[in-house]
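Coordinate inspection notes
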Amino acid sequence: MADCKQGRLMTLWYLARAAGVVTMVMFTLSAVLGMIMPVVRRAEPRFWLQYVHRSAAVTGLVLLATHVVAVIADSYVNLSPTVLVWPFGAGYRPFAMVVGALALYSLVLASLVGAARGRLAVSASFAKHWRKLHIAASVGWLLAIGHALLAGTDRSTPWMLGITLGCLVAVATAGAYRLNATPTRAWRTQ
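A brief look at the structure comes next. (Residues numbered from 1 in each chain as written. Predicted model: local features only at pLDDT ≥ 70, side-chain atom pairs only at ≥ 80, totals over all residues. Heavy atoms only, no water.)

**Here's the deal with the environment of Leu33**
Looking at the secondary structure, you find Leu33 in helix 1 (residues 11–36). Relative accessible area serves as the criterion here: at 9%, Leu33 is assigned to the buried category. Separated by 19 residues in sequence, Leu33 and Val52 place their C-alpha atoms 7.8 Å apart. Ignoring any residue separated from it by four or fewer positions in sequence, one finds Leu33 in contact with Leu49, Val52 and His53. (Helix = DSSP H or I, 4+ residues; strand = E, 2+ residues; numbered from the N terminus. Buried < 20%, exposed > 50% of the residue type's maximum accessible area, 1.4 Å probe, protein only. Contact = heavy atoms within 4.5 Å.)

**A look at the packing of aromatic side chains**
Any aromatic ring pair is given by two values, namely how distant the centres are and how the planes are angled relative to each other. Taken as a whole and judged by the stated rule, the model has four aromatic pairs. Ring geometry for Trp48 and Tyr51: centres 5.7 Å apart, planes at 80°, overall edge-to-face. Here Trp48 and its partner Tyr51 are both found in helix 2 (residues 43–73), three residues apart, which amounts to about one turn of the helix. For the ring pair Trp86 and Phe88, a centre distance of 4.8 Å and an interplane angle of 55° mean the geometry is tilted. The exposure classification of Trp86 matches that of Phe88, with both residues exposed. Three or more aromatic residues joined by ring pairs form one cluster here, namely Phe47, Trp48 and Tyr51. If you follow Arg17 out to its NZ or CZ, it ends over the ring of Trp13, 4.2 Å from the centre. (Phe/Tyr/Trp six-rings, centres within 6.5 Å; stacked < 30°, edge-to-face > 60°. Lys NZ or Arg CZ within 6 Å of the ring centre and 35° of its normal.)

Purely geometric numbers; function is a separate question.
Given below as structure tokens:
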């Protein structure tokens, strides 16, 4: 554990930062795999891509919860748990907290929809609307990138900008690959 000049433990700060950064990387991995899966036609590689896609999403959710708990527990940031319900009242970078809360809501919604997909696939109505609901993951990912650029204490450091830019490039590359590798119909099937 590291001590800062005032003798305050900085462990929560390090934990919140690390969990936030790795969360962004895990959701980026999940997004990239989600975009390229429809291009893969063979069953075995597709199975493993799906497995890693879901594992990265679940790992991202666990780290997201860790990030939120560590930030709320950190006395320096001075955020209360009410920021999850009313982020506009945050004393610390309120706009960034709103963007982060919206990212959280979107990613949790996408995870719930993704988890329910197998159980509800027998419903024609759900199957028809699943992709529209699952798009919340893309919205959440983009909001998480915005939150990282607005909220973090390291947001302007070269290493953090490099990680954020790397995440953006990875998703853009996967999106371009999918658009170029599949006919339009592939966007609707999976």
